[in-house]
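Coordinate inspection notes
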Amino acid sequence: MSLSTQDKPIALITGVSRPTGLGLETARQLGHKGFRVLITARDLSKVEALAKSLKSEGIDVTAASLDVTSDTSVDALCKMVSDTFGKLDVLINNANSVYDAGVKTLSTDFEVVHQALETTLFGAWRMCKAFVPLLRKSSQARIVNLGSGAGTFADGFWGLGHNTQGVPAYGIAKNSIHALTAKLAFELADSGILVNAVCPGFVATYEGTEAMGARPIPDGAKGIVWAATLPPDGPNGGLFRDGEPIGW
Ligand SMILES: NC(=O)c1ccc[n+]([C@@H]2O[C@H](COP(=O)([O-])OP(=O)(O)OC[C@H]3O[C@@H](n4cnc5c(N)ncnc54)[C@H](OP(=O)(O)O)[C@@H]3O)[C@@H](O)[C@H]2O)c1
């Protein structure tokens, strides 16, 4: 059954600037499920090029510029979504700016830590503050925050107490988005908005990572799409990989 334009659920995804990013593949999979996808990135020309490729697959897509670290940028997008659609069904906080491999916690540059937190924690938090009023207008609203095993205590390989790659800014920022997920899920529990964090696993979004054992991009995106399309009685306030709960 094909949905009319008016009935189509709308999914907004942050950080969609790369052809091999999880954001684009998530948009593709949601688009093929009948969503109208609103893909966003700091560089409008990059996201417009990606939107063109989705359009050629028959996906209903809109591209917009968005810097999640800027109140002005987030507010402008929020106004556009409100004026154009009057509601939002799915918010996917996918943007990430730092992967500080090889860095030790005590030798890290605070500029990098700030950058990581500005994007991952404050960026997602800012998006939630701005868009929850529009999500409340949906009967099936979902927030998906891109977390990571690297931001958990539980993961015995990538986790905070084990990761031999270092990644202190990345790991601590991802830990903080997990915390944001739990707080929001608790506070929005009566709203019908389900808020979950997803770790996509180790995904081949950068050249050379496949040889290191990273999984194909469509496999990583599936778990994001799962959290974005949960039924009303789906879980709230958890961290998941491939639709299964994982330890924080
Ligand atoms: N790939 C993996 O193995 C893996 C594993 C665990 C978790 N994750 C998480 O999954 C998500 C997607 O992964 P990925 O590898 O596809 O992503 P990525 O390339 O690391 O990040 C996604 C995008 O975020 C954008 N971004 C950076 N700063 C931004 C800002 N201020 N405002 C808006 N967008 C901004 C970047 O675009 P520009 O810099 O071009 O603006 C980038 O294309 C990330 O959150 C990542 O941490 C990935």
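In what follows, the accompanying structure is described. Not measured: the values here are computed from a predicted model.

Comments concerning the sheet that holds strand E4 (residues 90–93)
Spatial ordering of the open sheet is given by E3-E2-E1-E4-E5-E6-E7-E8, a layout of 8 strands whose pairing is mixed. Two strands lie at the open edges of the sheet, namely strand E3 (61–65) and strand E8 (244–245), each paired on one side alone. Bridging between strand E2 (residues 36–41) and E3 involves 5 bridges; their strand directions are parallel. If you follow Ile39 over to E3, its bridge partner there is Ala63. Across the sheet, helix H4 (residues 110–135) touches strand E1 (10–13), E4 and strand E5 (142–146), and the angle it forms with E4 is around 175 degrees.

Concerning unusual backbone geometry
The phi angle at Val167 is positive, at roughly 45 degrees, despite the residue not being glycine. Within the secondary structure layout, Val167 lies in the loop between E5 and helix H5 (168–187). Of note, the phi angle at Asp242 is positive, near 55 degrees, even though the residue is not glycine. With respect to the helices and strands, the residue Asp242 is situated in the loop between strand E7 (239–241) and E8.

Focus on a nonpolar patch on the surface
Taken together, Phe153, Leu160 and Ile172 make up a surface patch of nonpolar side chains, about 310 Å² in accessible area. Here Phe153 lies in the loop between E5 and H5.

Focus on the site of the ligand
The local shell around the ligand holds 27 residues, among which Ser17, Leu22, Arg42, Thr205 and Tyr206 are the closest. At 2.8 Å, a side-chain N or O of Tyr206 approaches an oxygen atom of the ligand. For the ligand, the accessible surface in isolation is 870 Å², of which the surrounding protein chains cover 90%. Looking at side-chain class alone, the shell around the ligand contains 10 nonpolar, 12 polar and 5 charged residues.

Things to note about the environment of Cys128
Relative to the helices and strands, Cys128 is located in helix H4. Setting aside anything within four residues of it in sequence, one finds Cys128 in contact with Leu91, Asn93, Ile143 and Leu184.

Here we look at the packing of aromatic side chains
Inspection of every chain in the model, using the stated rule, returns 5 aromatic pairs. With 4.8 Å between their ring centres and 70 degrees between their planes, Tyr99 and Tyr170 make a pair best called edge-to-face. Of this pair, Tyr99 sits in the loop between E4 and H4 while Tyr170 sits in helix H5, placing them 71 residues apart in sequence. Every member of this aromatic cluster is reached through a ring pair, and the members are Phe157, Trp158 and Phe202.

Points about helix H6 (residues 217–228)
Its 12 residues place the ends of H6 17 Å apart at the C-alpha level, agreeing with the 16 Å of an ideal helix rising 1.5 Å per residue. Those residues of H6 that sit buried are Ile217, Gly220, Ala221, Gly223, Ile224, Val225, Ala227 and Ala228. Tucked into the core, H6 has its buried residues touching helix H1 (22–32), E4, E5 and strand E6 (194–198).

Quick look at the state of the cysteines
Per the counting criterion, the structure on display carries 0 disulfides. The thiol sulfur of Cys199 is not disulfide-bonded, and the nearest other cysteine sulfur, from Cys128, lies at 19 Å.

A word on the environment of Asp43
Within the element layout of this structure, Asp43 appears in the loop between E2 and helix H2 (44–55). The exposure class of Asp43 is partly exposed, given its relative accessible area of 32%. Sequence separation of Asp43 and Leu121 is 78 residues, and the distance between their C-alpha atoms is 21 Å.

Some details on the nonpolar core
The biggest cluster of nonpolar side chains holds 32 residues, and the ones touching the most others in it are Leu12, Leu91, Phe131 and Ile143. Sorting the residues of this core by element identifies E1, helix H3 (71–84), H4 and H5 as the ones contributing at least two each. Examining the composition of this core, we find that 9 residues originate from one element, H4, more than from any other. Excluding residues that lie within four positions of it along the chain, Ile143 makes contacts with Leu91, Asn93, Cys128, Val132, Leu135, Leu188, Ile193, Leu194, Val195 and Asn196. Core analysis: the second largest hydrophobic core is formed by 29 residues, Ile13, Leu22, Val47 and Leu146 among them.

So, how was this worked out
Residues numbered from 1 in each chain as written. Predicted model: local features only at pLDDT ≥ 70, side-chain atom pairs only at ≥ 80, totals over all residues. Heavy atoms only, no water. Pairing = 2+ DSSP bridges. Helix = DSSP H or I, 4+ residues; strand = E, 2+ residues; numbered from the N terminus. Contact = heavy atoms within 4.5 Å. Axes fitted to C-alpha atoms, helices over the stretch in contact; angles between N-to-C directions. Patch = residues over 30% accessible without salt bridge, like charges linked within 9 Å, V, L, I, M, F, W, Y side chains within 5 Å. Areas by Shrake-Rupley, 256 points an atom, 1.4 Å probe, with all protein chains shown as cover. Salt bridge = Lys/Arg side-chain N within 4 Å of Asp/Glu carboxyl O. Near = heavy atom within 4 Å. Polar contact = N/O pair within 3.5 Å; in protein donor to acceptor, adjacent residues only side chain to side chain. Nonpolar A, V, L, I, M, F, W, Y, C, P; charged D, E, K, R; others polar. Phe/Tyr/Trp six-rings, centres within 6.5 Å; stacked < 30°, edge-to-face > 60°. Expected span 1.5 Å × (residues − 1). Buried < 20%, exposed > 50% of the residue type's maximum accessible area, 1.4 Å probe, protein only. Disulfide = S-S within 2.5 Å. Core = buried A, V, L, I, M, F, W, Y, C linked by side-chain atoms within 4.5 Å.

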